[in-house]
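Coordinates in review
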Amino acid sequence: MMDTFAALAHGMAVAIQPMNLLYAMIGVFLGTAVGVLPGIGPALTVALLLPVTYKLDPGGSLIMFAGIYYGGMYGGSTTAILINTPGESASMATALEGNKMAKAGRGGPALATSAIGSFVAGTIATIGLAFLAPWLVDFAVRFGPEDYFALMCVAFVTVSATFGDSPIRGLTSLFIGLTLGLVGIDKLTGQARLAFGVPELLDGVEVTTLAVGLFAVGEALYVASRRHHTEEKLEPVRGSLWMTKEDWKRSWKPWLRGTMFGFPIGALPAGGAEIPTFLSYSTEKRLTKHPEEFGKGAIEGVAGPEAANNASAAGTLVPLLTLGLPTSATAAMMLAGFQQYGLNPGPLLFAERPDLVWGLIASLFIANCMLLVLNLPLVGLWVRLLAIPQPWLYAGILVFATMGTIAAKPSVVELSMLSGFGVLGFLMRRFDFPIAPVVVGLILGPIAESQLRRALAISLGDPMTLLQSPISATLLAIALIALLAPFVLKGLGRFKANED
Amino acid sequence: MTRDRASGDPAQPPRRVDRAGIVIAALLAAVAAVLVFDARGLQSTAMYGMGPEAMPVVVAIGLALLAIGNFVDALRGNLPARESTDPVPVVLILVGLALLIAIVGFGGGFILATSALFVTTSAAFGRRAILMDSIIALVMSILIYLAFDRLLTLSLPTGPLERLL
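Residues numbered from 1 in each chain as written. Chains lettered and ligands numbered in written order. Predicted model: local features only at pLDDT ≥ 70, side-chain atom pairs only at ≥ 80, totals over all residues.

For chain A, the count of helices and strands is 21 helices and 2 strands. Taking 2.2 N^0.38 as the reference for a compact globule, 500 residues should give roughly 23 Å; the C-alpha atoms of chain A span a radius of gyration of 22 Å, in line with that estimate. Judged by the C-alpha coordinates and their principal axes, chain A covers about 70 × 65 × 50 Å. (Helix = DSSP H or I, 4+ residues; strand = E, 2+ residues; numbered from the N terminus. Rg over C-alpha atoms; globule rule 2.2 N^0.38 Å.)

So, in structure tokens, the structure goes:
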């Protein structure tokens, strides 16, 4: 317990150095500015801004990242409230009530409750992260390679199959990612796999190229292809920005309840913030004293899901920092940020670079405070960003997206891969395949393979080692249940439907 | 991706064989075949445990099973309804990306390449003021170039325009 306080205090000392404060400030500002653009969620915000941090030292860049992460989340909810275009499914609940509030001239209080709720949830969840992380690290140091492999199997299944619309389409996405993860030189034997004699492919598929291609280029192609269907309407922020006493009274309990949903679900490798936001939304709908307002702009319906969304974002940092396990597309991008400095999050990083890890955690607190101070006064600026005409907006997004690749690797092969992943992202959107499992598969696939091969080398090739470790056996059982559950439940549902 | 599924006009009535779904299943099977073919060229040097060829084969088996799953879904017409699409803007953006790649490949530099992409994308989203957009694109990419080149000291590809700056 005292260790955590000491470590956190040390982290604070790192984070409040003037240069690091400046990095956090730039991160928060850029994150919000990019995240506010319609159709751009936090994962893409992080992916697009990754090149900006290339030349910084790891500490400064991770601190800027913390700001970008929270800023992107906040920007996304602003968009959801003002133009009803949730950049990601976790903002859908916010868009449901928030946009109705904005239409009724209560956009100010909607933005305010979402900002303050995000702050409350983010702060509580970051405290949770600070206390949970050392405990999990103590547990994780006992993990052998077979346990890590089993843990990754759990993550693969929960991210792709368990909670999506269709386990088959989710798993298809995951296996596309795993296939891409195989490309390049095999680290153990030095043999090239799936490189087809192209030298650029020997280094493997770059995570940022895949993510920017799938998210940015894919989204631009998709929006362009169905431009004739939708018309976005920007709601002006009318009336007071501030919340009334009544608004406060109706908001504080949803904030806390949303946090209670968001943090644990985010911290479990259960993938994404959709579940806690929708749980929070339905809970608030059930508990509210104003049920007639739901669907017409109830403030509880913004306060709860927004808190849940932010709390789960901090929650996903728990498995990411302690186990190196990304369970959302955004967390996968954060992992890519670590990897560009050759850093691998996990128990070792806590032991070897405590300044870095705790500096990052402390920066999360600071980024959260900055967001609260920055965003409400600057809301006019964000609204003006939202008013950029669509042609220039998407043209700008594509220029920015390709620029990252051009800056990192200005080769024809890399740019062609970016465009190819864009087409893949477009087709996946069109045929309703989830995108996050591809990114998670690309990042985790090679790690899972090397852990499995290490485990089998230690056991002299005996695959029973996976079942002899109690941790690994338990995790594999969980993975199997999580894989079969959606099929079984679907079967039960069909059985019931037949009986009716 | 769950957006607007209910409100879309389905491209075809449900519960019919979905041709696109069958193409997807065939593509997955093809990728699985490529994986197995590629893995056959690898030498297993590991004394114990798995060699480099094991994982591709495992992934290929998974892909083959998923190809069957997708095929069954397509036969039953279980795919979510799709909205009609307009292919023209998609092609325009892809032309823009091709131009960008060609200009970078032939040493035309960052400014010209991104300007080409900006103008085609803007046109894909319905703008017809190509001259105006070209000016905006040039100014913007020059500013980005200067910011990245001078402030962040990242090297972007140079062409005739960049050498003038």
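Moving on to the interface of chain B and chain A. Taken together, the 56 residues of chain B in the interface contact 53 residues of chain A. Among the secondary structure elements, those contributing two or more residues to the side of chain B that touches chain A are helix 1 (19–40), helix 2 (54–76), helix 3 (87–105), helix 4 (110–124) and helix 5 (130–151) of chain B. In terms of residue count, the dominant contributor to the side of chain B that touches chain A is helix 2 of chain B (9 residues). Residues of the side of chain B that touches chain A, tallied by class, amount to 35 nonpolar, 15 polar and 6 charged. (Contact = placed C-beta atoms within 7 Å. Nonpolar A, V, L, I, M, F, W, Y, C, P; charged D, E, K, R; others polar.)

All names here are of chain B. Contact pair helix 3 / helix 4: the axes reach a minimum separation of 8 Å and the direction vectors enclose 175 degrees. Classified by the angle between their axes, helix 3 and helix 4 sit roughly antiparallel to one another. Across the interface between the two elements, Pro89, Leu92, Ile93, Val95, Gly96, Leu97, Leu99, Leu100, Ile103 and Val104 of helix 3 pack against Leu112, Ala113, Thr114, Ala116, Leu117, Thr120, Thr121, Ala123 and Ala124 of helix 4. Tallied by class, the residues present in the contact of helix 3 with helix 4 amount to 15 nonpolar, 4 polar and no charged. (Axes fitted to C-alpha atoms, helices over the stretch in contact; angles between N-to-C directions. Parallel < 35°, antiparallel > 145°, perpendicular 65-115°, else oblique.)

Here helix 3 (residues 42–49) of chain A lies mainly inside the structure; 8 of its 8 residues are buried. Where helix 3 of chain A is concerned, the buried positions are Pro42(A), Ala43(A), Leu44(A), Thr45(A), Val46(A), Ala47(A), Leu48(A) and Leu49(A). (Buried ≥ 20, exposed ≤ 12 C-beta atoms within 10 Å, placed from the backbone.)

Below, the discussion takes up unusual backbone geometry. All names here are of chain A. Its identity is not glycine, yet Phe196 carries a phi of approximately 50 degrees, on the positive side. Here Phe196 is to be found in the loop between strand 2 (192–193) and helix 9 (207–225). In this model, Leu460 sits at a positive phi of 55 degrees, which is unusual for a non-glycine residue. Note that Leu460 resides in the loop between helix 19 (436–458) and helix 20 (465–468).

It is common to report an interface's size as the accessible area lost on association of the parts. Segmenting chain B into domains produces domain 1 (19–76) and domain 2 (87–164). Computed from C-alpha atoms alone, the centre-to-centre distance between domain 1 of chain B and domain 2 of chain B is 38 Å. (Domains from an automatic or database assignment.)

Glancing now at helix 8 (residues 167–182) of chain A. Residues and elements named next belong to chain A. If you check helix 8, its first and last C-alpha atoms are 22 Å apart, about what 16 residues at 1.5 Å a residue would give, namely 22 Å. With 16 of 16 residues buried, helix 8 lies mostly within the body of the structure. Gly184 lies just past helix 8 and shows a positive phi near 115 degrees. (Expected span 1.5 Å × (residues − 1).)

All names here are of chain B. Per-residue confidence for chain B averages 83 on the pLDDT scale, and 88% of its residues sit at or above 70. The low-confidence segment residues 1–13 (pLDDT under 50) makes 16 contacts with residues lying over four places distant or belonging to another chain. This prediction of the complex comes with two scores: 0.87 for pTM and 0.87 for ipTM. (pLDDT = per-residue confidence, 0-100.)

Time to look at the packing of helix 6 (residues 107–140) of chain A against helix 12 (residues 300–323) of chain A. Packed helix pairs are characterised by how far apart their axes lie and by the angle those axes make with each other. Residue and element names in this part refer to chain A. Contact geometry of helix 6 with helix 12 gives a least axis separation of 7 Å together with a crossing angle of 25 degrees. In terms of axis orientation, helix 6 runs roughly parallel to helix 12. Between helix 6 and helix 12 lies a crossing of right-handed hand. (Left-handed = near helix turned anticlockwise from the far one by under 90°.)

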